[in-house]
Amino acid sequence: MGARSPATKSNSYGPKHTGEGTDILPQLVDQDADVAFFDGYPPTTTAVHALAATLRPGGLLIAGNMTLGGQAEQIRRHLASWQHTDLGETLLAVKPQ
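Remember, predicted model here, so these are calculated numbers, not experimental data.

1. A look at unusual backbone geometry
Thought 1: Located in the positive-phi region is N65, a residue other than glycine, with phi close to 65°.
Thought 2: Positionally, N65 belongs in the loop between β4 (55-63) and α3 (72-78).

2. Digging into the confidence of the model for the protein
Thought 1: Averaged over every residue, the pLDDT of the protein is 83; the share at 70 or more is 84%.
Thought 2: Across the protein, the secondary-structure element scoring lowest on mean pLDDT is strand β1 (residues 7-11), at 52, and the one scoring highest is strand β6 (residues 91-94), at 96.
Thought 3: Throughout residues 1-5 the model reports pLDDT below 50, and contacts reaching past four residues in sequence, or to other chains, amount to 3 contacts.

3. Topic: the nonpolar core
Generally speaking, soluble globular proteins have nonpolar side chains that are buried together.
Thought 1: Counting residues in each nonpolar core, the largest one holds 18 residues, and the members touching the most others are L51, L61, M66, I75, L79, W82 and L91.
Thought 2: Among the elements that line this core, the one with the most residues is helix α2 (residues 45-54), at 5 residues.
Thought 3: If sequence neighbours within four positions are ignored, L51 has contacts with L25, A36, F37, F38 and L61.

4. Overview of the pattern of salt bridges
Opposite charge on two side chains makes pairing possible when the charged atoms of those side chains draw close.
Thought 1: Enumeration according to the criterion identifies 3 salt bridges in this entry.
Thought 2: We note a salt bridge from D34 to R56, for which the minimum N-O separation is 2.6 Å. One end of the pair, D34, is in strand β3 (residues 33-38); the other, R56, is in strand β4, with 22 residues separating them in the sequence.
Thought 3: D86 is paired through a salt bridge with R76; the nearest N and O atoms lie 2.5 Å apart. Of this pair, D86 sits in strand β5 (residues 83-86) while R76 sits in helix α3, and the two are 10 residues apart along the sequence.
Thought 4: Since its relative accessible area comes to 37%, D86 is described here as partly exposed.

5. Observations concerning the side chain of K95
Thought 1: Position of K95 among the secondary structure elements: in the segment after β6.
Thought 2: The side chain of K95 is buried and forms no salt bridge, while D32, the nearest opposite charge, is found at 10.0 Å.
Thought 3: Among the polar contacts made by the side chain of K95, one reaches the main-chain carbonyl oxygen of A52 at a distance of 3.1 Å.
Thought 4: Of the polar contacts made by the side chain of K95, one reaches the backbone oxygen of L55; its length is 3.0 Å.

6. Regarding α2
Thought 1: Among the residues of α2, those classed as buried are A47, V48, A50, L51, A52 and T54.
Thought 2: Buried residues in α2 make contact with α1 (21-24), β3, β4 and α3.

7. Remarks on the side chain of T54
Thought 1: When you line up the elements, T54 lands in helix α2.
Thought 2: For T54, the residues in contact, after removing those within four places along its chain, are L25, Q31, D32, A33 and A36.

Scoring rules and cut-offs
- Residues numbered from 1 in each chain as written.
- Predicted model: local features only at pLDDT ≥ 70, side-chain atom pairs only at ≥ 80, totals over all residues.
- Heavy atoms only, no water.
- Helix = DSSP H or I, 4+ residues; strand = E, 2+ residues; numbered from the N terminus.
- pLDDT = per-residue confidence, 0-100.
- Contact = heavy atoms within 4.5 Å.
- Core = buried A, V, L, I, M, F, W, Y, C linked by side-chain atoms within 4.5 Å.
- Buried < 20%, exposed > 50% of the residue type's maximum accessible area, 1.4 Å probe, protein only.
- Salt bridge = Lys/Arg side-chain N within 4 Å of Asp/Glu carboxyl O.
- Lys, Arg positive; Asp, Glu negative; His and termini not counted.
- Polar contact = N/O pair within 3.5 Å; in protein donor to acceptor, adjacent residues only side chain to side chain.

Put into structure tokens, the structure is as follows:
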């Protein structure tokens with residue numbers, strides 16, 4: 001199965017974006033999101049960096065599946081300067097002001 005190309009559609013809730021998050025998120029970088037949530041597969045630094053870029057200062061990043069391997073340790077090191085709580089499976093981190 002080939003990669004899907006990103007698409008944008010509108011609905012009553014606003015634009016709907018489909019495709020790989022790491023492809024779509026850079027298009028959404030307004031740095032004004034209050035919360036960004038990662039779940040679905042082992043975390044990668046690319047995915048977490050893309051989510052972090054969408055957050056306003058003081059915004060909350062929630063990263064799930066931190067025990068599934070992937071690049072969890074690199075992500076923990078990257079977010080070490082953020083105010084954070086590591087719950088094992090889930091990491092909660094507040095973007096610095």
